[in-house]
Amino acid sequence: MFIYLSKKIAIPNSTQINCIAWNKECGFIACGGEDGMLKVLKLDSGKDSKVKGLAAPSNLSMNQTLEGHSGQIQVVAWNEHHQKLTSSDQNGLIIVWMLYKGAWYEEMINNRNKSVVKGMAWNFDGQKICIVYEDGAVIVGSVDGNRIWGKDVKGKPLSGVEWSPDGKILLFSVVGGEVHAYDSQGNFLMKLNLGSNSGTYRPSSSVVGLQWYNGRYGYIEANSPCLAILFDSGHLQIMRNENDDAPVFIDCGIKAVCCQWNQDGSVIAVAGSMPSNQPDTKETNVVLFYSPLGECLRTLKMPGRQISALAWDGFGSLRLAFAIDSHIYFANVRPRYKWCYLATTLVYAHHCPPRNTTAEGTNCNQEPVTGNTVTFWETTSNELYTKTVNFLYAMASSGEHCVLATQEEDSLGVNAREEDSKGKYGLILCNAIGTPVDTKYINVEPFWISMNNSYVFAASKDRFLLWRYRTPKSRSTVEVSAAMLNEKKDKIYHVDDTPIGVPNPVWHFDQSVKQGTSDPICCLASSDQLLVIGRESGQLQRYSLHPSLALLGTHMAVAKPNQMAINSDSTRLSVIDMNGMLTLVDLTSSGEEQSLVSSFERRDVWDARWASDNPLQLAAMEKTRMYIFRDLDPEEPILSSGYICSFRDLEIRAALLDEIITSSLMSSDEHPSVSEHILDLEVKSLRDTRDLLSKVGIGEASTFIEENPHPRLWRLLGEAALKTLDLERAEEAFVRCRDYGSIKFAKRLASVQGETLKRAEVAAYLKDFDMAEQLYIEADRRDLALSLREKLGDWQAALQLMQAGGSGGHIEDWRREQACNEAGDLLAVSGEWSRAKEMYIKGGDVERLARSLHALEEWEELSALAKSFSPGHPMLMELGQMFASVGMCAEAVDAYLKCGQKKAAMNVCVSLNEWSMAVNLAREHNISEDVPGLLSKYIEHLLEEKKTFQAIELYCKAECFLEAAKIMFQIAKDEDKSLVKKKKKFYVLAAHLVERHLNALNEKSLLKEKENGENQSEKMLLTGSDLIMDYPWKGAEAYHYLMLAQRQLYEGDMESALKTSLLLKEYEDLLNVETVYSLIALTSCGCEAYEICSQAFIKLEALSNISDEQQEKYEELALEIFMKHSPKDNKSKYVDCHNCGSRMSERFSFCPSCKERFGACIASGRPLFLSASHWTCSVCHHRAFQQEMTSRASCPLCYSSVLAEA
């Protein structure tokens, strides 16, 4: 990062400033000082739209003095969520200010008058404020002014306060160098462990800074330190949380005043004064910038006598404000973003912010999202592609690829080659849309990387690596160079080694390399011929790359190099050192003393880039100005704050990364804009040439270009000469810029007849196609205009030209059809399928029409279109796939059969589980496919996976109802007997399947085979225990009558319950025998049918599957009943058997004498006699009394509809 002072504001009357705070949401700056001085300022950029970013001029849009304090202002604090300002003075007076109609007004006042306020802090969501006084008093209040709780902390005076990110912990700094932790209710938790564990120092001075980053915009890495505690002795301790036992310790070497985190917690600024070694020299104000891990990023010396406070802004932390004496100094920050530019794609990275930031803030134990989001922004199409990596060290680009240096695995997901399986750091090569094309895993921590067209260079502090990467283009090359054959392994070198360019035949990648150096690496730069490594001492080591790495020499920079770049012919090196000084190194010189270009030195430079096509042109950013140097001579500067992406053809492309990255950090839905965030700037010579051509003339412009030659200028002159039809001058200019295509065009243009046609050809060549079309039409050459649009692929314009006029005939119809079809293709690419369909209809292309109908899901039209294709048409195969993809089996089969693909037709039937159709296909077309065998194997697989109902469904689709019924009967049999209703339903489903099988047999006239027992599958089932074909409804009847008897019993209809219970004796093989006879005994006893009751108890007592205790209870109950009643039926009614005429009880459904069965009513359970009218179900063929069915809508047994039967 680079920092420089940009602005100074003086406070009237030379009032000393004590505190300053920057509202990060709205940009207000509050500053307080002596004599009750309190001001609110605001800086706004000017309205000049031509200058964007930090380069735009800023002016004070607000400068309001707030009156109310009389004593010296001690503390100011912003509540950014509710737009309130809280201030306090030395008298203990606290005032809350509110914004109303663009001005600040006093809202609330609190005057304790007992002590001085030493600290105020709002929690993360701005709902609570904590105020600490010097005497130990603590007050926590709400945003509306109510007091929540108060506490007096006994002991040493307090000096500051800070909330944890989640608002659950309060930290109080105590005079004497202690920090105490309390919960949000004021209960003491712990004393923080401060000071070095090694005993280097122990805090004995006061805490002057207590800052806890809230994690709102993510962290630079997992478990990153975020709690900073600064002592006035200059010692800084950064902790991960309040319990961190291994914090980061920094000795700043200054008398510290304050500290503050930037917006995303990646930098902490520490302000103070540095003592002088000489007694007569005053102390110097300095601001030190550190990373959370303790690395010193920058030191900024400040003017004035005493610095008292600092504050970051809220938009990307691009500016800082410092309170020094009676002035406010502003500094601009140029961050060292991780970014690169390749072809037309801008690649940039930023921290991953937390996905959900609630009102409670972020967990102080740090479990939010970490890592980096890498965005690939294709600026031509304005499309974004994003990737997420665990930890990103750096990135670099060359040509059409870029490389990302990461740690461990990341979400870019490339499988390493076998030789790359070792190493915990990754180098990932990506193309312009972020797709990984090659990868390398290494053990060298890649702090710095560079890249050319063949190699990626990665360096740690003491070692560097050369990786020859591979791209798809290099993989497809048949001839492999000898150098690549010799470099099968990538090489690691130590920075202190002196390679001489001779390959070592015994060297291999896994060979250990010594570690550690007294002069670490600090930056890299490379070209296709050279590699330059910068070291902290200022030494620059220059290596040649061909045929092997060799140290050519060393050079010396003025100070520690921070950024380097090599020009296009590898003769000069630009170096920006840690102080922002830009110097040039002559790489062709041999001695260190003569290597620096003595006549060139620029200060306050933070970015520089050489032109890719001119080794003498260099663009450099100085503060907010871009300077372009041509052989060390600067041109007039351009106001800009963009980072230079490319410099070619006298044009510079710069990106406003500050706005791009800050917008992405604040909102993931923010999409960058080319017009807003990309700057295309021209070199002065290019601007002057354009002015001369437009305002003076070609002759003067030619003279200027002769004095300032460049291929881009000659090409610009040639194009201007073409527009005026000065072909001789145009040809000469194109010769100067070696544009052979334009030379050939100029010669051809001389043979064109007519000035209008010549101008049309020039307009077309210069890509002004609308003008070219207009000129062709003026010359009455509409055919040429039509050919132009056809060559461009602008088929809509071609159709318009055809409709406007032109010769008819066969050729014209053919061209119209082609234009319609091509226009339809363009509409299809953009997703406008309805319009594409209309174009295909006009063009008569049925194949494209079919694809459009498929995209529109207009299946009826597509089916009709498929029938219009002749047999064997190649489109039928694709149509079959379309129909199969949406489950239209019949249409797919027709399409496949029509094109002779019987196997494909069979496969689609199998894949869509249309087994009946598959069987018919196999029979009708003699397909050798064993469909029944395939079906059986699939059914076995489903049964093994316990997917029995899917197996039944498949059998039904294949019309194998008997096999489905067998599985269903087994399911019903295995079901728990206590689930009576469920078992009945299973038996009903099984019986329905048998009925469907019988109906199928009748339809196929196979009923005779069934009666004669010739069907082997039925014969097998008849001999089984289930007797499926013989009596399929038996299971359903058993559980139906059991449920009916239970219902009648609970309704109190004992007589009906008894009649129904007696029916259950026929189903002892399916029902629980104990349940059956218990039910008979209970209902017969209720009906005083003691003879039946006696028979039931005899059966119960004879059961062998009950315990002795249960059997004894039955005997006792029978004895108790029959001691009172004789075993006779007292209330039984009798009827005559219609078969033998003998008397029988009406409770029985069969005659005891002749064994004639009468059946039972499935609605009431009563026996059916011939004297009553009966209703018969057409599905299950069971009967019921007619009067029982008058109010029913379905059959009580099989649930089939009564209305449907009627």
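Up top is the structure these notes are about.
The structure reproduced in this document is the subject of the present report. (Residues numbered from 1 in each chain as written. Predicted model: local features only at pLDDT ≥ 70, side-chain atom pairs only at ≥ 80, totals over all residues. Heavy atoms only, no water.)

**As for the overall build of the chain**
Thinking step 1. A count of helical and extended segments in the chain gives 33 helices and 59 strands.
Thinking step 2. Expressed as a percentage of the 1206 residues in the chain, the buried residues total 51%.
Thinking step 3. Sequence-distant contacts in the chain: of pairs separated by 6 or more residues, those separated by 24 or more amount to 47%.
Thinking step 4. Entry remark: accessible area of the chain is about 57,100 Å², with carbon and sulfur atoms responsible for 47%. (Helix = DSSP H or I, 4+ residues; strand = E, 2+ residues; numbered from the N terminus. Buried < 20%, exposed > 50% of the residue type's maximum accessible area, 1.4 Å probe, protein only. Contact = heavy atoms within 4.5 Å. Areas by Shrake-Rupley, 256 points an atom, 1.4 Å probe, with all protein chains shown as cover.)

**A short note on the pattern of salt bridges**
Thinking step 1. One pass over the structure, following the stated rule, counts 36 salt bridges.
Thinking step 2. Note that D604 and K623 form a salt bridge whose closest N and O atoms lie 3.6 Å from each other. You can see D604 sitting in the loop between β47 (582-586) and β48 (605-610) and its partner K623 sitting in the loop between β49 (617-622) and β50 (625-630), a full 19 residues away along the chain.
Thinking step 3. Measuring nitrogen to oxygen at the nearest pair gives 3.1 Å for the salt bridge that ties R690 to E682. (Salt bridge = Lys/Arg side-chain N within 4 Å of Asp/Glu carboxyl O.)

**Considering the nonpolar core**
Thinking step 1. W339, L346, Y348, M626, L657, L722 and L879 are the most contacted members of the largest nonpolar core, which totals 104 residues.
Thinking step 2. Core analysis: the second largest hydrophobic core is formed by 81 residues, I971, C1161, I1162 and W1175 among them. (Core = buried A, V, L, I, M, F, W, Y, C linked by side-chain atoms within 4.5 Å.)

**Digging into the state of the cysteines**
Thinking step 1. Here the structure, examined in full by the defined rule, presents 0 disulfides.
Thinking step 2. Free of any disulfide, C1195 has its nearest neighbouring cysteine sulfur in C1198, separated by 3.6 Å.
Thinking step 3. The exposure class assigned to C1195 is buried, which follows from its relative accessible area of 0%. (Disulfide = S-S within 2.5 Å.)

**Some remarks on the packing of helix α12 (residues 782-792) against helix α13 (residues 795-804)**
Thinking step 1. It is at 8 Å that the axes of α12 and α13 come closest, and there the two elements cross at 160°. As the angle between them shows, α12 and α13 are arranged roughly antiparallel. α12 and α13 meet at a crossing whose hand is left-handed. Contacts from R782, A785, L786, R789 and E790 in α12 reach W795, A797, A798, L801, M802 and A804 in α13.
Thinking step 2. Here the residues of the contact of α12 with α13 sort into 8 nonpolar, no polar and 3 charged. (Axes fitted to C-alpha atoms, helices over the stretch in contact; angles between N-to-C directions. Parallel < 35°, antiparallel > 145°, perpendicular 65-115°, else oblique. Left-handed = near helix turned anticlockwise from the far one by under 90°. Nonpolar A, V, L, I, M, F, W, Y, C, P; charged D, E, K, R; others polar.)

**Some thoughts on the sheet that holds strand β8 (residues 93-100)**
Thinking step 1. Strand order in the open sheet formed by 4 strands is β6-β7-β8-β9, with antiparallel pairing between adjacent strands. The strands lining the two open edges of the sheet, one partner per strand, are β6 (73-79) and β9 (103-111). Pairwise comparison of adjacent strand axes, ignoring direction, gives a mean angle of 20° for this sheet.
Thinking step 2. Of the strand pairs in this sheet, β8 and β9 are connected by 8 bridges, and their pairing is antiparallel. Its bridge partner lying in β9, V96 is registered against M108. (Pairing = 2+ DSSP bridges.)

**Remarks on helix α10 (residues 755-765)**
Thinking step 1. Taken as a whole, α10 has its buried residues at L757, K758, A760, E761, V762, A763 and A764.
Thinking step 2. Those residues of α10 that are buried are in contact with α7 (711-723), α9 (740-750), α11 (769-778) and α12.
Thinking step 3. Once α10 finishes, K767 follows within two positions and takes phi at roughly 65°, a positive value.

**What about the environment of S870?**
Thinking step 1. Position of S870 relative to the elements: it lies in the loop between α17 (859-868) and α18 (875-885).
Thinking step 2. On the basis of relative accessible area, S870 is assigned to the partly exposed category, the value being 42%.
Thinking step 3. A sequence separation of 28 residues divides S870 from K898, and the C-alpha atoms of the two residues are 8.0 Å apart.
Thinking step 4. In this view, S870 contacts L876 and K898; residues no more than four positions away in its chain are not counted.

**Observations concerning the packing of aromatic side chains**
Thinking step 1. Using the criterion set out here, one finds 29 aromatic pairs in the structure.
Thinking step 2. With a centroid separation of 6.0 Å and an interplanar angle of 80°, the aromatic rings of F289 and W312 are classed as edge-to-face. With F289 in strand β24 (residues 284-290) and W312 in strand β26 (residues 307-312), the pair connects residues that are 23 residues apart, well separated along the chain. Neither residue differs from the other here; F289 and W312 are each classed as buried.
Thinking step 3. Here the aromatic rings of Y393 and Y425 are separated by 5.9 Å at their centres, their planes lie at 75°, and the arrangement is edge-to-face. Linking Y393 in strand β33 (residues 392-398) with Y425 in strand β35 (residues 425-430), this pair joins segments that are 32 residues apart in sequence. An identical accessibility class is assigned to Y393 and Y425; each is buried.
Thinking step 4. The rings of F391, Y393, Y425, F447 and W448 are connected pair by pair, giving a single aromatic cluster.
Thinking step 5. Sitting over the face of the ring of W606, R334 holds its NZ or CZ atom 4.4 Å from the ring centroid.
Thinking step 6. Between the NZ or CZ atom of K338 and the centre of the ring of F391, over which it lies, the distance is 5.4 Å. (Phe/Tyr/Trp six-rings, centres within 6.5 Å; stacked < 30°, edge-to-face > 60°. Lys NZ or Arg CZ within 6 Å of the ring centre and 35° of its normal.)

**Comments concerning the packing of helix α6 (residues 698-707) against α7**
When two helices pack together, their arrangement is given by the angle between the helix axes and by the axis-to-axis distance.
Thinking step 1. Where α6 meets α7, the axes come as close as 10 Å, and the angle between the chain directions of the two elements is 165°. As judged from the angle between their axes, α6 and α7 are roughly antiparallel. Of the two elements, α6 crosses α7, and the hand of that crossing is left-handed. For the pair α6 and α7, the contacting residues are I698, A701, S702, I705 and E706 in the first and L713, W714, L717, A720 and A721 in the second.
Thinking step 2. Looking at the contact of α6 with α7, its residues break down into 8 nonpolar, 1 polar and 1 charged.

**Notes on the side chain of T345**
Thinking step 1. For T345, the position within the fold is in strand β30 (residues 345-351).
Thinking step 2. Of the residues examined, T345 reaches a relative accessible area of 1% and is grouped as buried.
Thinking step 3. In this structure the side chain of T345 is engaged in a polar contact, spanning 3.3 Å, whose partner is the backbone oxygen of A432.
Thinking step 4. With near-sequence residues (within four places) excluded, T345 lies in contact with C340, F376, W377, E378 and A432. (Polar contact = N/O pair within 3.5 Å; in protein donor to acceptor, adjacent residues only side chain to side chain.)

**Some details on α6**
Thinking step 1. Listing the buried residues of α6 in full gives I698, A701, S702, F704 and I705. Summarising the axial view, the buried residues of α6 lie within an arc of 165°, below the 170-degree limit, and thus occupy one face.
Thinking step 2. Here the buried face of α6 lies against α5 (684-696), α7 and α8 (727-736). (Arc of directions from axis to C-beta.)

**Re the sheet that holds strand β17 (residues 188-191)**
Thinking step 1. Overall, antiparallel pairing links the 4 strands, which are arranged β14-β15-β16-β17 in an open sheet. Only two strands of the sheet have a single partner each, and these edge strands are β14 (158-163) and β17. On average, each strand axis in the sheet is tilted by 25° relative to the strand beside it, whichever way the strands run.
Thinking step 2. In this sheet, strand β15 (residues 169-174) lies alongside β14 in antiparallel orientation, the contact comprising 5 bridges. Among the inter-strand pairings, V161 is bridged to a residue of β15, identified as F172.

**Topic: a negative patch on the surface**
Thinking step 1. Residues D1108, E1109, E1112, E1115 and E1116 make up a contiguous surface patch of negative charge.
Thinking step 2. Considering the arrangement of structural elements, one finds E1112 in helix α32 (residues 1108-1122). (Patch = residues over 30% accessible without salt bridge, like charges linked within 9 Å, V, L, I, M, F, W, Y side chains within 5 Å. Lys, Arg positive; Asp, Glu negative; His and termini not counted. Charge placed at Lys NZ, Arg CZ, Asp CG, Glu CD.)

**Section: the environment of G697**
Thinking step 1. Structurally, G697 is set in the loop between α5 and α6.
Thinking step 2. Under the relative-accessibility criterion, G697 is labelled buried at 15%.
Thinking step 3. Sequence spacing of G697 and A720 is 23 residues, and the spatial spacing of their C-alpha atoms is 9.6 Å.

**Regarding the pairing of strand β2 (residues 17-22)**
Thinking step 1. The element β2 is largely enclosed, with a buried count of 5 among its 6 residues.
Thinking step 2. As judged from the 5 bridges shared by β2 and strand β3 (residues 28-33), these two strands associate in the antiparallel manner. Bridging across to β3, A21 finds its partner in A30.
Thinking step 3. Between β2 and β3, which pair antiparallel in sequence order, lie 5 residues; one of them, G27, sits at a positive phi of approximately 85°.

**Describing unusual backbone geometry**
Thinking step 1. Cis geometry is adopted by the peptide bond preceding P547, which originates at H546 and carries an omega value of 0°.
Thinking step 2. If you trace the backbone, P547 turns up in the loop between β43 (539-544) and β44 (550-556).
Thinking step 3. A positive phi angle is found at S14, which is not glycine, with a value near 55°.
Thinking step 4. Take S14: it is sitting in the loop between β1 (2-10) and β2.
Thinking step 5. The residue D649 is not glycine, and still its phi comes out positive at about 55°.
Thinking step 6. Mapped onto the fold, D649 is located in the loop between β53 (643-648) and β54 (651-655).
Thinking step 7. Given the relative accessible area of 24%, D649 is considered partly exposed.

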